[in-house]
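Structural overview
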Amino acid sequence: MSGQSITDRITAAQHSVTGSAVSKTVCKATTHEIMGPKKKHLDYLIHCTNEMNVNIPQLADSLFERTTNTSWVVVFKSLITTHHLMVYGNERFVQYLASRNTLFNLSNFLDKSGLQGYDMSTFIRRYSRYLNEKAVSYRQVAFDFTKVKRGVDGVMRTMNTEKLLKTIPIIQNQMDALLDFNVNANELTNGVINAAFMLLFKDSIRLFAAYNEGIINLLEKYFDMKKTQCKEGLDIYKKFLTRMTRISEFLKVAEQVGIDRGDIPDLSQAPSSLLEALEQHLASLEGKKVKDSTAASRASTLSNAVSSLASTGMSFTKVDEREKQAALEEEQARLKALKEQRLKELSKRPSFATTDTSPISTTGGTISTAPAIDLFSTPSCSNGAVKMESDLFDLQSTFQPSMQSGSTGLPVATAWAGYSTPQGPPQQSAGGLQVDFESVFGAKATGSNSVSSDDITGGILKPTLAGSNQPSSQQPEKLVSDDLDSSLANLVGNLGIGNGTMKK
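What comes next is a walk through the structure. Quick caveat, the model's predicted, so the values are computed rather than measured. (Residues numbered from 1 in each chain as written. Predicted model: local features only at pLDDT ≥ 70, side-chain atom pairs only at ≥ 80, totals over all residues. Heavy atoms only, no water.)

For the rest of this paragraph, the subject is the overall build of the protein chain. Summing up its helical and strand segments, the protein chain has 14 helices and four strands in all. The buried share of the protein chain, taken over its 504 residues, is 37%. (Helix = DSSP H or I, 4+ residues; strand = E, 2+ residues; numbered from the N terminus. Buried < 20%, exposed > 50% of the residue type's maximum accessible area, 1.4 Å probe, protein only.)

Next up, the structure:
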C-alpha cells in the first residue's frame, strides 16, 4: 500500500479539529506510505521536545498509540520516529521514556496482511527490543552512552573500578540488542527499514566507541584489581572480543548498502597475547602455577593492546565527528535555502498604497494606527461620523452643562456617568461660577475662612434638587434657589427673624 490512506487523512483531520498539532504531526510522520518519516515532520517534533510548554508524556503517548496499529508500516515508522527523537531530541524525552515501567510491547507483533508484513514484523520485534533496552540503560546509569563525553577525560575513561565493572555490562546489553537486529543487505528492501538501519548504524558507532573506552580503562586497572574484580574483568574482556567480531559484520552490511567507506570506522583488535597475559595474572592470584612473566613484558603487552584499542576509538570518533559536521552543513544549507525562498516571496509581493481610510500605514517601515477610542466619553454624531470628546480625565476649571434650562427638563448625563438637573444660562466669566455668600449668611466671610469665588471644582460637587421651577432670569449674584445649602440657610434666617422668642 503506497501513499497516504483514507485512514491517515481522517486521523490527521481529527487532530486538526481537536487542535493538537503534536498528535497531528505524529500521525503525518507515521502514515501508511512505505517510506521513512518525512524530515519536516521529524524536525517539527524535535522542536517540540525543546519547547517547555509541550507535554512530553502526551507526545510519547501519541507514538505509543500508533504502535497499536495493525499495519507494519505504521508501527515501524512509529518506532523510527521515537528513535529519532531519542537521538536528536531534547534529553527530557529520553528521561521520560526511562521513567516508564513499560515501553513497547511488540514481542508478539505480526502483520499477516502479506508476505512483506511477515518479513518486516520480525525486524519490528527486534527493533522495539533495542529501543526498550536503550531506555533501560539510561535509567540505570542516568546518561546516554551514545552522547557521553569521550576521550582521555571522558566518562568511561575516568570511571573508578567498582563503577566501571557495573557499567560495562549495561553497555554490553544495549550492544547485544542492537546487533540482534541482524539484518542482511538483501533484506533492506524498502525506505522504512532503511531508515531504521541508518539510525542503528549511527548508534552502533557511538555506542561501540564508549564501549571501547570502557575496556581501555578496564585494562589499565586490571593488574591492580582484586581477585574477584580480575575475574569479572576477564569475563568482560572476552565478551568484548566477541562483540568486536559482530560489530565488524554489522559494518560490512552498512558498506554493502551504499554507506561511504570513509564513514565506516576501522577496527583494530588487541593482540592475542594480551588475553593470555590477563589469564595468567588471574591464575596467579588464584594460587595456580603459571609461567613466570616479567613486569616489563606484561607492561609492554598491555601498552600495545591499549594503543591498538585507542586507534580503534579514534577511528570511531572521527566518523562520528564527520557525521555531526555533515549534519551541521546540511542544516546550514537548508536555512540558506529557506532564507533565499523567503526573500523571493517578499520581492514578488505587491506593495499596497496607504489611503486616508486605512488604519495602518507601512510608510517608512513603521505602523501608525487610528486614535484610540475613549470608551468612557460621550460621543457626538455629525454627518454620520463619530467625533470623540476630550479625554475623560482632562478636567477643566469650570463645568458647564450641555443643555439649557429651557429644554426638556430631563437630567443631563455628565462625563462622570452621573446626572444633574438642567440649570439656567451659566455665568460667562473667566473666574468660573460666582457665589454671593453674603446674601445667604448676611455678611461676607473674611479671613482664613473665606472661599475664593474661583471654585476649582466649578460647582460640580454641590448637590442639586430636581424639578426646580425658578425662572431663568434670576440675578447672577443670587445663588440658585434649588441649591440645598442656600435653601437651608434661608430657612434658618427666616426662623430667626420671625420668631421673637428665638432671638436672645
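With respect to the helices and strands, the residue Arg243 is situated in helix H10 (residues 227-256). Residue Arg243 is classed as buried on the basis of its relative accessible area, which comes to 12%. As for Arg243 and Leu179, which are separated by 64 residues in sequence, their C-alpha atoms are 8.6 Å apart. When residues no more than four places from it in sequence are discounted, the contact partners of Arg243 are Gln172, Asp176, Leu179 and Tyr211. Polar contacts involving the side chain of Arg243 include one to the side chain of Asp176, which spans 2.8 Å. (Contact = heavy atoms within 4.5 Å. Polar contact = N/O pair within 3.5 Å; in protein donor to acceptor, adjacent residues only side chain to side chain.)

Let us look at the packing of helix H5 (residues 72-88) against helix H7 (residues 115-141). The N-to-C vectors of H5 and H7 enclose an angle of 25°; their axes lie 10 Å apart at closest approach. In terms of orientation, H5 lies roughly parallel with respect to H7. When you trace H5 past H7, the crossing you get is left-handed. Where H5 abuts H7, its residues Trp72, Val75, Phe76, Leu79, Ile80, His83 and Met86 lie against Gln116, Gly117, Met120, Phe123, Ile124, Tyr127, Ser128, Tyr130, Leu131, Lys134 and Ala135. Of the residues that constitute the contact of H5 with H7, the class distribution is 13 nonpolar, four polar and one charged. (Axes fitted to C-alpha atoms, helices over the stretch in contact; angles between N-to-C directions. Parallel < 35°, antiparallel > 145°, perpendicular 65-115°, else oblique. Left-handed = near helix turned anticlockwise from the far one by under 90°. Nonpolar A, V, L, I, M, F, W, Y, C, P; charged D, E, K, R; others polar.)

Let's shift gears to the nonpolar core. One finds Phe76, Phe93, Leu97, Tyr127, Ile215 and Phe250 to be the most contacted residues of the largest nonpolar core, which totals 96 residues. At 18 residues, helix H9 (residues 191-222) tops the list of elements feeding residues into this core. Non-local contacts of Phe250, meaning those with residues more than four positions away in its chain, are made with Leu178, Leu179, Phe197, Leu200, Phe201 and Ser204. (Core = buried A, V, L, I, M, F, W, Y, C linked by side-chain atoms within 4.5 Å.)

Of note in the backbone geometry, Ala142 takes a positive phi value of approximately 70° without being a glycine. With respect to the helices, strands and loops of the structure, Ala142 is situated in the loop between H7 and helix H8 (161-179). For Ala142, a relative accessible area of 54% corresponds to the exposed category.

Here we come to the environment of Ser113. Structurally, the position occupied by Ser113 is in the loop between helix H6 (91-99) and H7. Classification of Ser113 as exposed rests on a relative accessible area of 65%. Sequence separation of Ser113 and Thr70 is 43 residues, and the distance between their C-alpha atoms is 9.0 Å.

This next bit is on a nonpolar patch on the surface. Taken together, the side chains of Leu110, Leu115 and Tyr118 present a nonpolar region at the surface, about 310 Å² in accessible area. Mapped onto the secondary structure, Leu110 falls in the loop between H6 and H7. Residue Leu110 is classed as partly exposed on the basis of its relative accessible area, which comes to 37%. (Patch = residues over 30% accessible without salt bridge, like charges linked within 9 Å, V, L, I, M, F, W, Y side chains within 5 Å. Areas by Shrake-Rupley, 256 points an atom, 1.4 Å probe, with all protein chains shown as cover. Salt bridge = Lys/Arg side-chain N within 4 Å of Asp/Glu carboxyl O.)

This part is about the packing of aromatic side chains. According to the stated counting rule, one finds 11 aromatic pairs in the structure shown. Both rings, one in Phe123 and one in Phe181, keep their centres 5.3 Å apart while their planes meet at 45°; by these two values the pair is tilted. With Phe123 in helix H7 and Phe181 in the loop between H8 and H9, this pair connects stretches of sequence that are 58 residues apart. Note on Phe208 and Tyr211: the rings are 6.0 Å apart at their centroids and 80° apart in plane angle, and the pair reads as edge-to-face. Of this pair, Phe208 and Tyr211 both sit in helix H9, three residues apart, which is roughly one turn of that helix. (Phe/Tyr/Trp six-rings, centres within 6.5 Å; stacked < 30°, edge-to-face > 60°.)

All chains considered together, the criterion is met by 14 salt bridges. Residue Asp180 is joined to Arg129 by a salt bridge in which the shortest nitrogen-to-oxygen separation is 3.1 Å. Of this pair, Asp180 sits in the loop between H8 and H9 while Arg129 sits in helix H7; the two residues are 51 residues apart in sequence, bridging distant segments of the chain. By relative accessible area, Asp180 is classed as partly exposed at 31%. Residue Arg129 is classed as partly exposed on the basis of its relative accessible area, which comes to 42%. As a salt-bridge pair, Asp203 and Lys134 come within 3.2 Å of each other at their nearest N and O atoms. Here Asp203, found in helix H9, pairs with Lys134, found in helix H7; they are 69 residues apart in sequence, far enough to count as distant.

Structural measurements only, silent on function.
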